[in-house]
Structures are given as C-alpha cells and as structure tokens.
Amino acid sequence: MVSGAHTRVATSHTTHQTDPMTETETIAYDVVVLGAGPVGENLADRTRAAGLTTAVVESELIGGECSYWACMPSKALLRPVIARADARRVPGLSQSVQGPLDAAAVLAHRNYYTSEWKDDGQVDWLESIGADIYRGHGRLTGERTVTVTAPDGERRVLTARHAVAVSTGSRAQLPDLPGLADIKPWTSREATSAQSVPGRLVVVGGGVVATEMATAWQALGSKVTVLVRGKGLLNRMEPFAGELVAEALNEAGADVRTGTSVVSVSRENGSVVVVTDRGDRIEADEILFATGRAPRTDDIGLDTVGLEPGGWLAVDDSLRVTGTDWLYAVGDVNHRALLTHEGKYQARIAGAAIAARASGTTTPASEPWGAHAATADHAAVPQVVFTDPEAAAVGLSLAEAEQAGHRVRAVDVEFSSVAGAGLYADGYRGRARMVVDLEEEILRGVTFVGPGVGELIHSATIAVAGQVPISRLWHAVPPYPTISEVWLRLLEAYRG
Ligand SMILES: Cc1cc2nc3c(=O)[nH]c(=O)nc-3n(C[C@H](O)[C@H](O)[C@H](O)COP(=O)(O)OP(=O)(O)OC[C@H]3O[C@@H](n4cnc5c(N)ncnc54)[C@H](O)[C@@H]3O)c2cc1C
C-alpha cells in the first residue's frame, strides 16, 4: 500500500495509533533503520530474515551514496580507463587501442550503472524482503523514536521495540576557504555524475577519491592538476603506493603537485582561478575538492537522546552506540572504515546482534559470523584503489603495525620477478609488501600495487583475517603463470 507523499506503509505486521490532537500517526516496529544506503539495506535484510518488523527511512535515493555518487559511478568511469591501459601493455593488441576513449559512451555507461539516478530497482528489492519504506527526513525524537517528515511536510512517528539503527552515512567535507560556495566546486557527487568532460580540472586532495577521479577524468580528456597538501598521495597506505600512482598520473599527462595548499579560489569569466601557498595561479574549468568526509549526524536529533550532533558515532564491536542499549550506528557514520563492504559486514553483524538480543540469545550457532563482533574492522580491512596501477591493501601498513606495538618485518618484492606479471602486462611495474609479525609468524598486513592487483587482494585478506601461519602459507600454492606467484616470491624473500 502506498500512502502519503511517496511514503509506503505496510500494515500487516505493525501497530498504528493516531494522536487525535496532532493527527500524527505513530507506527510501532521492532526495528527502525535510519538511512537506506548499502548499509541500511543490508541491516534491514538481516532483521527481516530474523522475522523482525522493520521500517527503513530514506530522504534521498534508496541505495545511498554508493549506488549513485560513489562506488558504482566511479568504477563505471574507471573500468574503460583501466581496461585500455591494460590492453596498451599487451604486445599485438596495443596498436589497436592507442586512440582516445569514447567519453560520451563512457558517461552513458556510467549513467546506466546508476540507473539514471532512479531507485525503483532497490525499492522493489526492499519491498521483496518485507521492509516498509518511509520517504522523508528522519530524526530521533526521543529514545527508540524516529519522526519522519515526508517531502510534503506530513509527519509520522515510528517507534522501535528493539533497536534504531543509524546508517546515515557521510558527505563530502569542504575546507574553510572564503568564497568557496560561490564558485560551485565539485565534490565527489559532481565528480561521479558530471555529464560532460571539463577541459581543465583541478583536483584538491591526495586520497582515494582524489586519485581515482584524477585518473578517470585525465583519461576521459581533461587536463588534470592534482594539488596535495601532504608529501604524497594515498598517505594511509604504504608510501610506495602513492609514489607509483603519482608517477603514473604524471606519465598520463596529469600534473601532481605535492606539498601544495590552496589559499584562495574564485571564478573569473567562467574559469576557476586557484592560488596556492607556493604562489602558483592555476586556471581551470572545474575544481574538485576531495578533502575528506563528514558524518551525516548534524540533523538527526541526536541531542534528543543525550548525544552530541555532528560527530562520528562511537560504537562497540556489535555496532551499538556507547552508553545505549537500543541505538546502533552502522557504516560510514561510525567512522570505523568508510567502505561499502565493511559497512555491509557491520550490517550483517549488527542485524544478527539485534536479532539475538531481541530473542534473548546472544550467540546463535547458525550465524556464520559468530559472536556478533566486527573484529575485522580492527585488523583486516581490505581496500582497492582503482587507479592505474591499482593499489590494494589489507590490514596494517608497516608504520601502523609498529605504532600498534607489534614486532614486525616488512618483506618487499618487485612484480618484475613474477613470470605471470610479465605475461599480464609488458614491462609490468608494481610492488608487493607483506608485514610479518615476528612473534606470531603471521601477516599483519599486505599491500600490492600494480595492474590487476585488485583481484589479488582477497587472498591476502584470507591470510590476514585468518591469521594463517607463514608455515601454512607455503602450502597455498599459487598457479603458474599468474600474478599470484608474487606470494611465492614474498615467502622466499622472507625465508632469505
Ligand atoms: C567517490 C567515492 C567512491 C567510493 N568508492 C568506493 C568503492 O569503490 N568501494 C567501497 O567499498 N567504498 C567506496 N566508497 C565509500 C562508500 O561509498 C561508502 O562507504 C558507503 O556508501 C557507505 O554506506 P552507508 O550506507 O554507510 O552510507 P551512504 O551510502 O552515505 O547512505 C546513507 C543514506 O542515508 C540517507 N540519510 C542520511 N540522513 C538521513 C536522514 N536524516 N533521514 C533519512 N535518510 C537519511 C542518505 O540519503 C543516504 O541514502 C566511495 C566513496 C566515494 C565518495
């Protein structure tokens, strides 16, 4: 049944009441999920599977940032870029792929992947699992209570018998520069949804979004300048990741300037004018600020339940907000790992924890993720940066492992020593590092940089998350001649 302004209410398993004074309807559920990005959707899936009535509140598009302005569109833009780069490294094929990309076709393909920014498919899916969707802005208005204001102003109060899960995600954070709003800068939203290729693009930032979008738009025809405040790119990874990606971006024609901050931006005759602290003046058609993320918690009523609005929400390993027994914060909003796959992992755990607590059990043996603890978030988060070359890492970098007090040794190998890598790409350039815990003889972290390594990282995730002893890794025999043989080279280098 669809009622109100784009508000869907199922009546079969919920309790309704209407306040005669305010005429506000109150509807009771077992679980209320605030925000229907990938994380909210997955959490609802778990609580519905456990038989709990579940309402999902969404103010924009069901599917969230990931489907429309992040993972999906960015990877749809990058796939042809990386496929062409790979093909250009294969003798006999290279000559056929020297031409430019068909930018219009790439953008159209990206539009297809975002379903033209329509969420009908995801609505159908949520309905198919029996969750009720409420369109509108949701705010906590007290313990276990969420008030939804629909686009037409109609308000509904949803109460949760067992849990409210906040999965409102994050938004782009812009620096505090005078006049910035007036020049209409790109954030990740515009960078992933633009319908034409800017002639000149300045990218501010050196993280994942900055490097991926610089790679995509440079290949699509923009002249890209990357301005990085720090010493290099991708500074959360091993230093060689950023070095190899910067080298490749420069070779592709981009201009990567490190140790450079923006001091002012303006628009003059339609062009963006950027002045840096080094005195450079750069003109461009667009400027992308990829300068971090902020939690979407400023307007969700946290103050009504004694929490500070605007911050990341601290949680325990079952994703329950510290100091509460009914409020969960899952996905980007808790700042444990701003990645879709980690948020979905958390959603599976939080969903199982909510269901177990609702039924009075805490460790149902049937749950494959065990005792409802998001342990991987601490030690084994995998991430792929879809640049050319790709950078992929899991677990701790050498510096992080040392900081955490582990006694470790870094083992490095060039992919040039791997036969399969040479076959994959002529003159394959890339490096691998494993960080070995010398006391426990297990891996604390692994990093691969090179073409095609995104598909290799899950092998490392299994080794790190499974704490596989080095002595057993020798028996995980990589097939010849594949890039995976880098594992053998790493083990040989460790043995010495
Ligand atoms: C450019 C870019 C590329 C990325 N690429 C990748 C990638 O390749 N792989 C990867 O793993 N991660 C990637 N990420 C990260 C990924 O997008 C996020 O980790 C993921 O979207 C987080 O999911 P979420 O459900 O927590 O939040 P979101 O996806 O942000 O969803 C939150 C939802 O809550 C809704 N909402 C917010 N406030 C309210 C409210 N008050 N009432 C109702 N609804 C509300 C929002 O409208 C939104 O739909 C990328 C991020 C960016 C910016």
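Everything quoted here is computed from the prediction, not taken from an experiment. (Residues numbered from 1 in each chain as written. Predicted model: local features only at pLDDT ≥ 70, side-chain atom pairs only at ≥ 80, totals over all residues. Heavy atoms only, no water.)

1. A look at the overall build of the protein
Step number 1: Each helix and strand in the protein was counted, giving 15 helices and 24 strands.
Step number 2: On C-alpha atoms alone, the protein measures out to a radius of gyration of 24 Å, which is about the 23 Å that the 2.2 N^0.38 rule sets for 496 residues.
Step number 3: Projected onto the principal axes, the alpha-carbon positions of the protein cover approximately 75 × 65 × 40 Å.
Step number 4: Expressed as a percentage of the 496 residues in the protein, the buried residues total 52%.
Step number 5: Taking the contacts inside the protein whose residues are at least 6 apart along the sequence as the reference set, 63% of them involve residues at least 24 apart.
Step number 6: Accessible surface, the protein: about 21,500 Å² in total, of which carbon and sulfur atoms supply 51%. (Helix = DSSP H or I, 4+ residues; strand = E, 2+ residues; numbered from the N terminus. Rg over C-alpha atoms; globule rule 2.2 N^0.38 Å. Buried < 20%, exposed > 50% of the residue type's maximum accessible area, 1.4 Å probe, protein only. Contact = heavy atoms within 4.5 Å. Areas by Shrake-Rupley, 256 points an atom, 1.4 Å probe, with all protein chains shown as cover.)

2. Focus on the site of the ligand
Step number 1: Lining the immediate environment of the ligand, one finds 36 residues, of which Glu-58, Lys-75, Gly-138, Asp-332 and Thr-340 sit closest.
Step number 2: Glu-65 places a main-chain nitrogen or oxygen 3.0 Å from an oxygen atom of the ligand.
Step number 3: In isolation the ligand has 990 Å² of accessible area, and contact with the protein removes 93% of it.
Step number 4: Those elements that place two or more of their residues in the shell around the ligand are α1 (38-49), β5 (54-58), α2 (64-69), α3 (71-87), β7 (137-140) and α9 (340-359).
Step number 5: Across the shell around the ligand, the residue classes break down as 13 nonpolar, 16 polar and 7 charged. (Near = heavy atom within 4 Å. Polar contact = N/O pair within 3.5 Å; in protein donor to acceptor, adjacent residues only side chain to side chain. Nonpolar A, V, L, I, M, F, W, Y, C, P; charged D, E, K, R; others polar.)

3. Some remarks on unusual backbone geometry
Generally, phi is negative for residues other than glycine and the peptide bonds are trans, each holding for most cases.
Step number 1: The omega angle of the peptide bond from Asp-388 to Pro-389 is 5 degrees, so this bond is cis rather than trans.
Step number 2: With omega at -5 degrees, the peptide bond leading from Tyr-480 into Pro-481 counts as cis.
Step number 3: Considering the arrangement of structural elements, one finds Pro-481 in the loop between α14 (470-473) and α15 (486-495).
Step number 4: Here Trp-117, not a glycine, exhibits a phi torsion of approximately 60 degrees, which is positive.

4. Regarding α9
Step number 1: Taking 1.5 Å of rise per residue, 20 residues should cover 28 Å, and α9 covers 28 Å from first to last C-alpha, within 8% of that figure.
Step number 2: Trailing α9 by a residue or two, Gly-360 shows a phi angle of about 85 degrees, which is positive. (Expected span 1.5 Å × (residues − 1).)

5. Looking at the packing of aromatic side chains
Between two aromatic rings, the relevant description is the distance of the centres plus the angle of the planes.
Step number 1: In total, this model carries 8 aromatic pairs according to the counting rule given.
Step number 2: Through a chain of ring-to-ring contacts, three or more aromatic side chains come together here, namely Phe-415, Tyr-424, Tyr-428, Phe-448 and Trp-487.
Step number 3: Across the ring face of Trp-69, the terminal group of Arg-189 is positioned such that the distance to the ring centre comes to 3.7 Å. (Phe/Tyr/Trp six-rings, centres within 6.5 Å; stacked < 30°, edge-to-face > 60°. Lys NZ or Arg CZ within 6 Å of the ring centre and 35° of its normal.)

6. Let's talk about the sheet that holds strand β16 (residues 281-284)
Step number 1: Read across the sheet, 3 strands follow the order β14-β15-β16 without closing on themselves; strand pairing throughout is antiparallel. Both edges of this open sheet fall to β14 (262-268) and β16, since each of them pairs with a single strand only. Strand after strand, the sheet turns through a mean of 20 degrees between neighbouring axes, direction not considered.
Step number 2: Looking at chain direction, strand β15 (residues 271-276) and β16 are connected through 4 bridges and run antiparallel. By the bridge assignment for β16, Val-275 is matched with Arg-281. (Pairing = 2+ DSSP bridges. Axes fitted to C-alpha atoms, helices over the stretch in contact; angles between N-to-C directions.)

7. Considerations on the packing of α3 against helix α7 (residues 208-220)
Step number 1: Running from amino to carboxyl end, α3 crosses α7 at an angle of 60 degrees, the nearest separation of the two axes being 9 Å. With respect to each other, α3 and α7 are oriented oblique. Crossing of α3 over α7 shows left-handed handedness. Residue-level contacts link Ser-74, Lys-75, Leu-77, Leu-78, Val-81 and Arg-84 of α3 to Glu-212, Met-213, Thr-215, Ala-216, Trp-217, Ala-219 and Leu-220 of α7.
Step number 2: Taken together, the residues of the contact of α3 with α7 sort by class into 8 nonpolar, 2 polar and 3 charged. (Parallel < 35°, antiparallel > 145°, perpendicular 65-115°, else oblique. Left-handed = near helix turned anticlockwise from the far one by under 90°.)

8. Details of the pairing of strand β20 (residues 382-385)
Step number 1: Here β20 runs beside strand β21 (residues 390-395); their pairing, made up of 4 bridges, is antiparallel. Bridge pairing links Val-384 to Ala-392 in β21.
Step number 2: Linking β20 back to β21 in an antiparallel pair, the connection comprises 4 residues.

9. Concerning the nonpolar core
Step number 1: Core analysis: the largest hydrophobic core is formed by 50 residues, its most contacted members being Val-32 and Leu-158.
Step number 2: Of all hydrophobic cores here, the second largest spans 40 residues; its members include Val-203, Leu-220, Val-226 and Val-385. (Core = buried A, V, L, I, M, F, W, Y, C linked by side-chain atoms within 4.5 Å.)

10. A few points about the layout of surface pockets
Step number 1: Approximately 550 Å³ is the volume found for the second largest pocket.
Step number 2: Along the wall of the second largest pocket there are 21 residues; nearest its centre are Ala-85, Arg-89, Ala-248, Ala-252 and Asp-388.
Step number 3: Broken down by secondary-structure element, the contributors of at least two residues to the lining of the second largest pocket are α3, α7 and α8 (239-251).
Step number 4: The class makeup of the residues in the lining of the second largest pocket is 10 nonpolar, 3 polar and 8 charged. (1 Å grid on protein atoms, 1.4 Å probe; cavity = no way out; pocket = protein on both sides within 12 Å on 5 of 7 lines; lining within 4 Å. Points joined across faces, edges and corners; volume = space filled by probe spheres on them.)

11. Here's the deal with the domain arrangement of the protein
Often the size quoted for an interface is simply the accessible area lost on bringing the parts together.
Step number 1: Its domain assignment divides the protein into domain 1 (6-63 + 119-170 + 295-376), domain 2 (181-291) and domain 3 (389-495).
Step number 2: Using only C-alpha atoms to locate each centre, domain 1 and domain 2 end up separated by 36 Å. (Domains from an automatic or database assignment.)

12. Observations regarding the environment of Thr-461
Step number 1: Structurally, Thr-461 is set in helix α13 (residues 457-465).
Step number 2: We classify Thr-461 as buried; its relative accessible area is 10%.
Step number 3: The spatial distance from the C-alpha of Thr-461 to the C-alpha of Lys-118 is 34 Å, given a sequence separation of 343 residues.
Step number 4: Look past the residues within four positions of Thr-461 in its chain and what remains in contact with it is Ala-380, Pro-382, Val-394 and Gly-466.

13. Observations regarding the sheet that holds strand β12 (residues 223-227)
Step number 1: With parallel pairing, the 4 strands of this open sheet are ordered in space as β13-β12-β11-β17. In the strand order of this sheet, the two ends are held by β13 (255-257) and β17 (286-289), each with one partner. Between one strand and the next, the sheet's axes are offset by a mean angle of 15 degrees, whatever the strand orientation.
Step number 2: Sheet topology note: the β12/β13 ladder contains 3 bridges and is parallel. Residue Leu-227 lies in a different strand from β13, and its bridge partner there is Arg-257.
Step number 3: Its contacts with the sheet place α7 against β11 (200-204), β12 and β17, and it is angled at close to 165 degrees to β12.

14. Quick notes on α7
Step number 1: Compared with the 18 Å implied by 1.5 Å per residue over 13 residues, the 18 Å span of α7 between its first and last C-alpha is a close match.
Step number 2: In terms of burial, α7 is a largely internal element, 11 of the 13 residues being buried.
Step number 3: Turning to α7, its buried residues are Ala-210, Thr-211, Glu-212, Met-213, Ala-214, Thr-215, Ala-216, Trp-217, Gln-218, Ala-219 and Leu-220.

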